[in-house]
Amino acid sequence: MKTILLLEDLPEIRAWLRKLVLQVFPGSHISESARVQDAIELAAAVRFDLALIDLGLPDGSGVAVVTKLRDVQPDTQSVVVTIHDDDEHLFPALQAGAFGYILKEQPRELITEQLQRISQGEPPLSPSIARRVMAYFTAKSKPQAVPANALPNVSLTDRESEVLLRVAKGYTLPEIGVQLGLSRHTIADYVKQIYRKLNVSSRAEAALEAQRLGLFR
Amino acid sequence: MPCPRLHQAPLPPTRLSPRSSRSLRCAVRRAATALGFACALALLPGLGTVAQALADSAPAAPAAATQAAPTAVVRGALVAPGDGPAFPNDGSAQPVALPDDWAVTRPGFGGTLWYRIGFNATGPIARGDLLALYIARACTNLEVHLNGQLVLRGGDMETRLTQNCNHPQLAPLPTALIQPGPNVIDIRVAGFPLNKVGSRLRGGGLSALEVGPQSLLAAKHAQQTVLNVAVPQALSATLALMGGFMFVLGFINRRESHLAYFGALSIGWAIVDARLWLREPPFSHALAEFLLCSLLGLIAWAAVQFLLRYAQLRMRWLDIALPLQAAVLPLSLVVAGPAQLYPVASFWYMLLSLQVLAAGAVHLRHQWATSASAASRWPMALLLSAVAVAGVIEFLAQWSGQRPLAAHIAQLVVPVMVVLLGLRLVQQHGRALQSSEDSRVQLQHRVREATAEIESNYRQMSELKVEQVTERERKRIAADLHDDLGAKLLTIVHTSESERISTLAREALEEMRLSVRGLTGKPVRLADALGDWRAEVVSRLAQAGIEGEWDAPEDLPQTLSARAYVQTTRILREATSNIIKHSGATHCSMRCTIADGDFQFVVQDNGDGISPELDGRLDRGHGMASMKHRAKQLQGQCLVESGPGYGTVIRLTLPLDRATE
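Residues numbered from 1 in each chain as written. Chains lettered and ligands numbered in written order. Predicted model: local features only at pLDDT ≥ 70, side-chain atom pairs only at ≥ 80, totals over all residues.

**Structural notes on the sheet that holds strand β1 (residues 3-7) of chain A**
Residues and elements named next belong to chain A. The five strands are arranged β2-β1-β3-β6-β7 in an open sheet whose pairing can be described as parallel. Of all strands in the sheet, those bounded by a partner on one side alone are β2 (29-33) and β7 (100-103). Ignoring which end each strand starts from, the neighbouring axes of this sheet average 20° apart. Where strand β3 (residues 50-54) and strand β6 (residues 77-82) come together, five bridges link them in parallel fashion. Bridged to I53 within β6 is V80. (Pairing = 2+ DSSP bridges. Helix = DSSP H or I, 4+ residues; strand = E, 2+ residues; numbered from the N terminus. Axes fitted to C-alpha atoms, helices over the stretch in contact; angles between N-to-C directions.)

Set out below in structure tokens:
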């Protein structure tokens, strides 16, 4: 029995998502909200297993909810559900700690499958997202980027870099598993690791920035 | 060295044509060359005459020795004062040694004196030689009578004496007038007492006389004339010319006022030197002497100021004192009266010379202290010491009354030094002008560079600004599209009863996303694009149960424009959709190659092929026609080969250089 948070402002879509979620996770308890503010309050109050978060909301971006969940409930799987498929929108969400993303307009079967996969620990990774992640970690590895004492030195292992590279070239995860001689599950684990490192690194950077600007409380 | 022609000279790396600086440099160089030529031209006659005279006199001397007909030098004469037309025979004649300096033998005497000498003319007359009388110096003017007949008059003897002090005289002794046996030569000399003249040079007197063959004496006369007259004339001309040039230069350019003072000094000295060769000045004697001495006051003023300003010193009190002194000098002469001219003038000469010497010393000391290289110190030091030495010799000569050759040379030293100094000043001036011109050109060049840099920066910034504004606009359009249109389409997708409508709405949403991408997207690396396509196509085929095989080169460096990327994506999506929906294939291979600057994509499936009827029934906007149209829009082409049992081959070719625009 899962506790699920649903954040979506269009009522029809919300209804449709609710139907979908109940199909994938029958008997789960779903909390709906249409505004970022409500979702944040809910996140502070209720313990969730899964959160489906829309990015474009009338009173802000869903990324704030992702950040809040990561702060107070790190074990919650936040999944961003959005129209946008470009890394401009998705990357900040992943940096904030999103576990995966789902594109809204896909057919029900696909979304169902993706949702199941995510809940089983297999987050999706598109080539453009992979490129963006690679660029991020490459920029971080440059010596002048970060003062030495400030951040935990989060960088990718060679394996992780390899996985990213192949995803960027367009190979699917099963293919990569075959190429590297690893199981699909292991590859999925790598992807999860990559996202986690991305989140950790991004949060540390944000904290440092806030400290620099005197906003750290 | 001729000035380089403009179009042949190598230009410095700048857009600024250095024509103005080059022409100015050329002008200065030409002016300096012209000046040099002028000086040389002025000196040339003098030099030529000197050379000629020396050449003439040289072989004459040995000839005189071999002929054993020496000239007779007369060192004694009878002298008697008198104004009459002939030697006074009243018994007042007395013997006197020659050369006779009136300041010594009869101080204070001015007027006319008669001298009488005698000679025997047997030897040379018998040989048939012409005789002549050579008088090295007769001051101020003279008449020569041979046996009572006038044979030479130096000019005006009565009202305004012709100034013959510095001109050696040669009186021919016509054979017709010569008697066998003793002959008598009477010389009438008119002169001024020393008191009334400014210099010993112009005090009355008569030098030793020489009687001898005219050929020898003429050569001697010519030689001495050159030294006494021609050379100073040439120097005067040169000095006047140079002085005028310098004065104008200094007058125009206030920062080089030393040149103006030098010009005044030069012109002044040219006028003063006229005393040596000008025989008939337009003034009376007293006035001429007065003017000559007064001029020296002005010359000293110019010299002192020149020396100080040349060393870049300026003493305000001198700016007042020197003109004052130059005014006081004539006043003192007037006050003293023409009878006391010599002592007052001598005193002033001493004073002025000391002042100039002091100024020279200050100049040298200051220059030695400030000048950088040793080479630039020596010229002025040498010049000034030469002038000082000449001055000392002149003083000694004045004081002792002797006029050795050294004194003659010393007299010419000052003008020559002035000429040399002038040339050096021109050289320095030219060089300073050149360097200032160079730095001006450099400055201009730098200003141009800076301006160009500013302009290019500004251009860059405004381009960037435009880009930023455009991008912001596009992002805003994209966001609006996503928010409004996307939301509505999404609602249709998930709430429609009809599967077909949902599919259409979904495809519309994907199209919208792609269009926005084409609108806002930056160019895409071909390697990245291939990765995106591979992921999408292979996964879609896999979901449809079709085995996909993808072959493409890795790490291609080319880029695609956003529009080309979007259109190619549409083509590939269309092709994949067709394969999934209509082909019934189980295997599909996709191969990408780069050949001859073209991007080539070949999709081959093992399906049923496309029959012509099926093509017509596909929805508008889909099908082969739309793929071909899209490819043509990218200046490429899309070929389809198909047939039942053969499968379908789609060949897409896109030129890469066009696609990157």
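**Points about the interface of chain A and chain B**
With 18 residues of chain A at the contact, the number on the chain B side is 22 residues. Of all the elements in the fold, those that place two or more residues in the side of chain A that touches chain B are α1 (11-24), α6 (127-141) and α7 (158-169) of chain A. A class-by-class count of the residues in the side of chain A that touches chain B yields six nonpolar, six polar and six charged. (Contact = placed C-beta atoms within 7 Å. Nonpolar A, V, L, I, M, F, W, Y, C, P; charged D, E, K, R; others polar.)

**Concerning the sheet that holds strand β12 (residues 205-206) of chain B**
Note on sheets: strands pair through backbone hydrogen bonds, and any given pair is parallel or antiparallel. With antiparallel pairing, three strands are arranged side by side in an open sheet as β4-β12-β7 (chain B). Looking at strand neighbours, the two that pair on one side only are β4 (100-101) and β7 (138-139) of chain B, the edges of this open sheet.

**Here we look at the nonpolar core**
Residues and elements named next belong to chain A. Formed by 60 residues in total, the largest nonpolar core has its most connected members in L52, I53, V79, V80, A93 and A98. The greatest single-element share of this core, amounting to seven residues, is contributed by helix α9 (residues 184-212). Shared between two domains, this core holds at least three residues of each, these being domain 1 (3-119) and domain 2 (127-212). Ignoring any residue separated from it by four or fewer positions in sequence, one finds I53 in contact with L7, G62, V65, V66, S78, V79, V80 and V81. (Core = buried A, V, L, I, M, F, W, Y, C linked by C-beta atoms within 7 Å. Buried ≥ 20, exposed ≤ 12 C-beta atoms within 10 Å, placed from the backbone. Domains from an automatic or database assignment.)

**Some details on the confidence of the model for chain A**
When pLDDT is averaged across chain A, the result is 84; 93% of the residues are at 70 or more. Per-element confidence in chain A is highest for β1(A), whose mean pLDDT is 91, and lowest for helix α5 (residues 108-119) of chain A, whose mean pLDDT is 83. (pLDDT = per-residue confidence, 0-100.)

**Looking at the pairing of β6(A)**
Residues and elements named next belong to chain A. Across the six residues that make up β6, a large majority, six, are buried. Residue alternation in β6 divides its side chains into two sets, Q77, V79 and V81 and S78, V80 and T82, and both sets are buried. Strand direction decides the pairing type here: β6 and β7, joined by four bridges, are parallel. Paired with V81 across the strands is I102, a residue of β7. As a crossover connection, the stretch from β6 through helix α4 (residues 87-96) into β7 is right-handed. (Right-handed = clockwise from strand over helix to strand, strands pointing away.)

**So, the packing of helix α2 (residues 36-45) of chain A against helix α3 (residues 63-72) of chain A**
Residue and element names in this part refer to chain A. Contact geometry for α2 and α3: axes closest at 9 Å, N-to-C directions at 10°. The orientation of α2 with respect to α3, classified from their angle, is roughly parallel. Residues V36, A39, I40, A43 and A44 of α2 pack against A64, V65, K68, L69 and V72 of α3. Its residues assigned to classes, the contact of α2 with α3 shows nine nonpolar, no polar and one charged. (Parallel < 35°, antiparallel > 145°, perpendicular 65-115°, else oblique.)

**Digging into the pairing of strand β15 (residues 547-551) of chain B**
Residue and element names in this part refer to chain B. Where burial is concerned, the two faces of β15 differ: the one with G548 and W550 is buried and the one with E547, E549 and D551 is not. Sheet topology places β15 next to strand β17 (residues 587-595); five bridges connect them, and they run parallel. The residue of β17 that forms the bridge with E547 is H587.

**Side note on helix α8 (residues 341-370) of chain B**
In this model α8(B) runs 43 Å from its N-terminal to its C-terminal C-alpha over 30 residues, within 8% of the 44 Å that 1.5 Å per residue would give. Among the residues of α8(B), B:L341, B:Y342, B:A345, B:W348, B:L352, B:V356, B:A359, B:G360 and B:H363 are the ones counted as buried. (Expected span 1.5 Å × (residues − 1).)

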